[in-house]
Amino acid sequence: MKIKSLSRQQVRSIDQQAIEDYGMTGLVLMENAGRGAAEVIQQNAATGRVVILCGKGNNGGDGYVIARHLDLMERQVRVVSVVEIDSLSGDAAANAAIAQKAELDVQVATTAEAIKTHLSDADVIVDCLLGTGATGPLRGIYADAVKVANQIKATRIAIDVPTGMDVDSGEADPHTFQAELTITFVAKKTGFEFEGTQSLLGDIEVVPIGVPRKLLRPWALAD
Ligand SMILES: NC(=O)C1=CN([C@@H]2O[C@H](COP(=O)(O)OP(=O)(O)OC[C@H]3O[C@@H](n4cnc5c(N)ncnc54)[C@H](OP(=O)(O)O)[C@@H]3O)[C@@H](O)[C@H]2O)[C@H](O)CC1
Ligand SMILES: [K+]
């Protein structure tokens, strides 16, 4: 089923309906998102060390799921959290805890220098810093993290939306993550259609996250 581009509000309400009306859980949606993204990463960047930059919200939570599934594929993978892990909550905190209990390589780096150190041997950099919860210009360590990531010679893959890009308007912060590939959930986002976003998005792959067809029908593109 092809879904038309969705706004922040639309994709977040689909999330809410899947949970409230269909009884799905955020953890199931996050697992589907992360597993699907890991499979697309494996298809597009099949070798080398993957370093995943994680923020404090559910976009970051996706990163811990992606790490677990790439580890299962026997990839070398490292998570770099730009915030203290105990500042995470909900599904993101749950997946960070699973990753740590699984003894995955999880590092906390809250300065540009520390981030640079942990990115220095990356062949692939995955942006799980901010997704549809981002508002306004990049704050603090997030701007630093994107700046450092854009300077490293590696394949850059954005999860859901390149950090720094507004998901509705396509407006890009001066330090927006420059992706070769953007893996986005449920559907493309309205902001992706705007002038100048192509050079930041790279190729776009849409990953379904298990939301029932009936729920998606109102946004389906006529076949
Ligand atoms: N149905 C789906 O598509 C699913 C998507 N998933 C993923 O979840 C994210 C959305 O997660 P959310 O927690 O709502 O938001 P983010 O992770 O994008 O943002 C987290 C927090 O970051 C802070 N923030 C916001 N703007 C900025 C900024 N400009 N600079 C710095 N920090 C910022 C803010 O927290 P504060 O406390 O600082 O205000 C945000 O709350 C979605 O994109 C997908 O990746 C689910 O995994 C599954 C279903
Ligand atoms: K992102």
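The written sequence of each chain sets the order in which its residues are numbered from 1. Working convention: letters from A go to chains and numbers from 1 go to ligands, in the order in which they are written. Totals for whole chains, interfaces and linings use all residues, but because this is a predicted model, local features are given only for residues with pLDDT of at least 70 and pairs of side-chain atoms are given and counted only at 80 or more. Note: side-chain values were computed over all heavy atoms of the structure, leaving out hydrogens and water.

(A) Up close: the UniProt feature "binding site: K(+)" (unreviewed entry) in the protein chain. Per the UniProt record, "binding site: K(+)" (unreviewed entry) is annotated on N59, D127 and T163. A maximum C-alpha distance of 9.9 Å among these annotated residues, which run over 105 residues, shows that they cluster at one spot. With respect to the secondary-structure elements, D127 resides in strand β4 (residues 124-128). Remark: exposure states derive from per-residue accessible area (1.4 Å probe, protein chains only) relative to the maximum for the residue type, with buried under 20%, exposed over 50%, and partly exposed in between. Under the relative-accessibility criterion, D127 is labelled buried at 0%. In what follows, a contact means two residues having at least one pair of non-hydrogen atoms within 4.5 Å. Ignoring anything within four residues of it in the chain, the contact list for T163 reads D127, L129, L130, L138, V146, H175, T176 and F177. Within polar-contact distance, the side chain of T163 engages the backbone nitrogen of L130 at 3.1 Å. UniProt positions are given in the numbering used here, feature names are shortened, and annotations may be inferred rather than shown by experiment. Comment: elements are numbered from the N terminus, with helices defined as DSSP H or I runs of at least four residues and strands as E runs of at least two. Counting of polar contacts relies on pairs of N or O atoms within 3.5 Å, with two restrictions inside protein: one atom must be capable of donating a hydrogen and the other of accepting it, and residues adjacent in sequence are counted only when both atoms are side-chain atoms.

(B) The sheet that holds strand β3 (residues 105-108), seen in detail. One open sheet accounts for seven strands, arranged β3-β2-β1-β4-β5-β6-β7; its pairing is parallel. Looking at the sheet topology across the chains shown, the edges are occupied by β3 and β7 (203-207). Geometrically, the sheet is characterised by an average inter-axis angle of 20° between neighbouring strands, direction not taken into account. Pairing between strands requires that DSSP locate at least two bridges from one strand to the other. The pairing of strand β1 (residues 50-54) with β4 spans five bridges and is parallel. By the bridge assignment for β4, C54 is matched with C128. Think of each axis as a best-fit line through the C-alpha atoms, taken over the contacting stretch in the case of a helix, with angles from 0 to 180 degrees between the N-to-C directions.

(C) Expanded view of the coordination of the potassium ion (ligand 2). For the potassium ion (ligand 2), the full set of protein donor atoms is N59 (OD1), D127 (O), D127 (OD), L130 (O), I159 (O) and V161 (O), at a range of 2.6 to 3.1 Å. Think of the donor list as every N, O and S atom within 2.8 Å of the metal, or within 3.2 Å for Na, K and Ca; water never makes the list, so a site can look incomplete. Positions of the donor residues of the potassium ion (ligand 2), expressed as sequence spacing, correspond to N-x67-D-x2-L-x28-I-x1-V. A residue pair is termed long-range when its members are at least 10 positions apart, and N59 in helix α3 (residues 58-72) and D127 in strand β4 qualify at 68 residues. Pair check on accessibility: N59 and D127 agree, each one buried.

(D) Representation of the site of ligand 1. Near residues are defined by distance, with any heavy atom within 4 Å of the molecule or strand qualifying the residue. With respect to spatial proximity, 24 residues lie near ligand 1, and among them D15, N59, D62, G131 and D160 are the closest. Here an oxygen atom of ligand 1 and a backbone polar atom of G133 are 2.9 Å apart. Across the complex, the protein chains shield 81% of the 940 Å² of accessible surface that ligand 1 would expose by itself. Mapped onto the shell around ligand 1, the elements with two or more residues apiece are α1 (8-20), α2 (26-44) and α3. Tallied by class, the residues present in the shell around ligand 1 amount to ten nonpolar, eight polar and six charged. Method for areas: the Shrake-Rupley scheme with a 1.4 Å probe, in which residue coverage is limited to the protein chains shown. In this count, Pro and Cys sit with the nonpolar residues alongside Ala, Val, Leu, Ile, Met, Phe, Trp and Tyr, while Asp, Glu, Lys and Arg are called charged and the others, Gly among them, polar.

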